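These are the residues of each chain, in order.
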Amino acid sequence: MKITVLGSGFAGRTLAGGLADLGHDVTIGTRDVQVTLDRTDPDRMGNLAYAVWARDFPDISLAPFADAASDADLFVNATAGAGSIAALAEAGKANLAGKVLLDVSNPLEFSQGFPPNLFVNDTDSLGEQIQRAFPDTHVVKALNTMVGDVMTTPKSVAEGDHSVFISGDDPAAKRVITELLTSFGWIDIIDLGGIQTARATEMMVKIRLLVMTSLGTPIFNFKIAR
Ligand SMILES: NC(=O)c1ccc[n+]([C@@H]2O[C@H](COP(=O)([O-])OP(=O)(O)OC[C@H]3O[C@@H](n4cnc5c(N)ncnc54)[C@H](OP(=O)(O)O)[C@@H]3O)[C@@H](O)[C@H]2O)c1
């Protein structure tokens, strides 16, 4: 499949790399290619600069959001929550129309430092805001409840015996994302219902960041034990 991952940060790259490893034709979207390639310092989480990371993935191309989006079969939104609507707008409503969008973003805002607050919660969610802004796109929220590494390699934690949630209004789009998650090795995929249920999974970032601080590692996940 031709997949455009909007977002050149850790989550976007990890998903792009995982998708490329599965044989997909992947393009990463960014605001400004040269600015992204010129960065040399690790980001605030200590992740490698884009150009250093990209040496291991010569088949993944980098393009401005609009160009990256021009002929993709499927989209991933891995942009900073506060910039997601703007990034998707740059990608172009027409390019996104009729397509499935896997949305891994969280509505984080860092004005009070770490841990971040959510700029939308309880009565609305970023997933819903994106769905309202792009009504012809089939938004499926998933994978936003874990760190990037775990998204694409669930078997790296407890041999994959843990859970991932999906939220979305379109059953066919959820089937596409379920298939994609299965190809990453996900087994316990829990369909929570419509995109409105993203309110709950986006709020899970609060507990995830506290657990990360307590354990001293981001490599863990939630398991829904029955
Ligand atoms: N990191 C994780 O493990 C993880 C886990 C779960 C969920 N998430 C979610 O995934 C998303 C990406 O996270 P991340 O850690 O990879 O990096 P991030 O720093 O949250 O996002 C980086 C991406 O957002 C774009 N961006 C930032 N501000 C923008 C704006 N105002 N307008 C348009 N685009 C903007 C950047 O564009 P440029 O390419 O131009 O720099 C870059 O592509 C976030 O919503 C995050 O909450 C991340």
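Residues numbered from 1 in each chain as written. Predicted model: local features only at pLDDT ≥ 70, side-chain atom pairs only at ≥ 80, totals over all residues. Heavy atoms only, no water.

**Q** Where do I start with the pairing of strand β1 (residues 2–6) in this structure?
**A** For a regular strand, the rule is simple: side chains alternate between the two faces of the sheet. Within β1, 4 of the 5 residues are buried, leaving the element largely enclosed by the surrounding structure. By the bridge criterion, 5 bridges tie β1 to strand β2 (residues 25–30) in an arrangement that is parallel. Looking at the pairing, Lys2 lines up with Asp25 of β2. What joins β1 to β2 is helix α1 (residues 10–21), and the crossover it makes is right-handed. (Buried < 20%, exposed > 50% of the residue type's maximum accessible area, 1.4 Å probe, protein only. Helix = DSSP H or I, 4+ residues; strand = E, 2+ residues; numbered from the N terminus. Pairing = 2+ DSSP bridges. Right-handed = clockwise from strand over helix to strand, strands pointing away.)

**Q** For this particular structure, what's the right way to read the site of the ligand?
**A** Close to the ligand lie 26 residues; Ser8, Ala11, Thr30, Thr79 and Gly148 are nearest. Between an oxygen atom of the ligand and a main-chain N or O atom of Phe10, the distance comes to 3.0 Å. Between Arg39 and the ligand, the recorded distance is 3.2 Å, taken from a side-chain N or O atom to an oxygen atom. In isolation the ligand offers 890 Å² of accessible surface; the protein chains occlude 80% of this area. Secondary-structure elements contributing two or more residues to the shell around the ligand are α1 and α8 (148–152). Taken together, the residues that form the shell around the ligand break down as 11 nonpolar, 12 polar and 3 charged. (Near = heavy atom within 4 Å. Polar contact = N/O pair within 3.5 Å; in protein donor to acceptor, adjacent residues only side chain to side chain. Areas by Shrake-Rupley, 256 points an atom, 1.4 Å probe, with all protein chains shown as cover. Nonpolar A, V, L, I, M, F, W, Y, C, P; charged D, E, K, R; others polar.)

**Q** Looking at this structure, I do not really get the nonpolar core. What am I missing?
**A** Buried together is how nonpolar side chains tend to be arranged in soluble globular proteins. Of all hydrophobic cores here, the largest spans 35 residues; its most connected members are Val76, Leu143 and Ile177. Here this core gets 5 residues from one element, more than from any other, and that element is helix α9 (residues 171–184). Residues contacting Leu143, with those up to four places away along its chain left out, are Leu15, Leu102, Val104, Met151, Val164, Phe165, Leu181 and Trp186. (Core = buried A, V, L, I, M, F, W, Y, C linked by side-chain atoms within 4.5 Å. Contact = heavy atoms within 4.5 Å.)

**Q** Looking at this structure, how should I read helix α5 (residues 84–91)?
**A** Each full turn of the α-helix corresponds to 3.6 residues, which orients residues three or four apart in the same direction. Ser84, Ala87, Leu88 and Ala91 are the residues of α5 that are buried. Looking down the long axis of α5, one finds its buried residues gathered within 95° of arc, a one-sided arrangement. Packed against the buried residues of α5 are β1, α4 (65–68), β4 (74–77), α6 (93–96), β5 (100–103) and α7 (126–133). Of the residues flanking the end of α5, it is Gly92, one or two places downstream, whose phi is positive at about 105°. (Arc of directions from axis to C-beta.)

**Q** Explanation requested: the side chain of Asn77 in the structure shown.
**A** Looking at the secondary structure, you find Asn77 in strand β4. At 2.6 Å, the side chain of Asn77 forms a polar contact with the side chain of Thr79. At 3.2 Å, the side chain of Asn77 forms a polar contact with the side chain of Ser84. Not counting residues within four places of it along the chain, the set of residues in contact with Asn77 comprises Leu6, Ser84, Leu88, Leu101, Leu102, Asp103, Val104, Ser105 and Ile130.

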